[in-house]
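# Results of the structural survey
Here are the chains, one letter per residue:
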Amino acid sequence: MKKVLVTISAVAAMLALGACAASNQTAKAPKAPKYMTAKEMQKEFKKGSITCNNVLADGTKVQDFYYKDKTAWSGNLDRNIGDKIKQGEWKIMGPGLRIKDHKKKKPYGKWFNLAKTGKKSYVAYDSSGKKHMTMKCK
């Protein structure tokens, strides 16, 4: 009788563990963000120069000033990080936003896809789909 009870307990435990493992495997993967199209980006950024309060992926808070002083979709950029100011450039081309600081490492800057999260709020993702920063603009 003891052997039967031990066998039944072992089988029940294995079934329970199998059910837990199966439910973990069927859990839904995080939903991929819906990136803005070129038309949506042009509509959002069409009115003059904008200012955005950003939080970078590492938690650093920055304030960006996007000046439309080159074309309707490009210009210079000032980024305030604490009491330091970095100058650079920005450009919207198609559905991408390029931000370039004047470091020599990446001569063309970094390209981002934006996902709209609210009114004048966005999340910028790099080309690998990794979150780079959140943006709240005015």
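What comes next is a walk through the structure. (Residues numbered from 1 in each chain as written. Predicted model: local features only at pLDDT ≥ 70, side-chain atom pairs only at ≥ 80, totals over all residues. Heavy atoms only, no water.)

Turning next to the environment of Lys 136. If you trace the backbone, Lys 136 turns up in strand E8 (residues 131-137). Expressed as a C-alpha distance, the spacing of Lys 136 and Cys 52, which sit 84 residues apart in the sequence, is 5.3 Å. Within the local environment of Lys 136, its side chain forms a polar contact with the backbone oxygen of Lys 119, the two atoms lying 3.0 Å apart. (Helix = DSSP H or I, 4+ residues; strand = E, 2+ residues; numbered from the N terminus. Polar contact = N/O pair within 3.5 Å; in protein donor to acceptor, adjacent residues only side chain to side chain.)

Right, let's talk about unusual backbone geometry for a bit. Despite not being glycine, Lys 120 has its phi angle at roughly 60°, a positive value. With respect to the helices, strands and loops of the structure, Lys 120 is situated in the loop between strand E6 (110-118) and strand E7 (121-125).

Let us now look at the pattern of salt bridges. Scanning the model with the defined rule gives four salt bridges in all. Residues Lys 116 and Glu 44 are paired through a salt bridge, measuring 2.7 Å at the closest nitrogen-oxygen approach. Here the residue Lys 116 occupies a position in strand E6, and Glu 44 occupies one in helix H2 (residues 38-44), the gap between them amounting to 72 residues. Residue Lys 116 is classed as partly exposed on the basis of its relative accessible area of 43%. (Salt bridge = Lys/Arg side-chain N within 4 Å of Asp/Glu carboxyl O. Buried < 20%, exposed > 50% of the residue type's maximum accessible area, 1.4 Å probe, protein only.)

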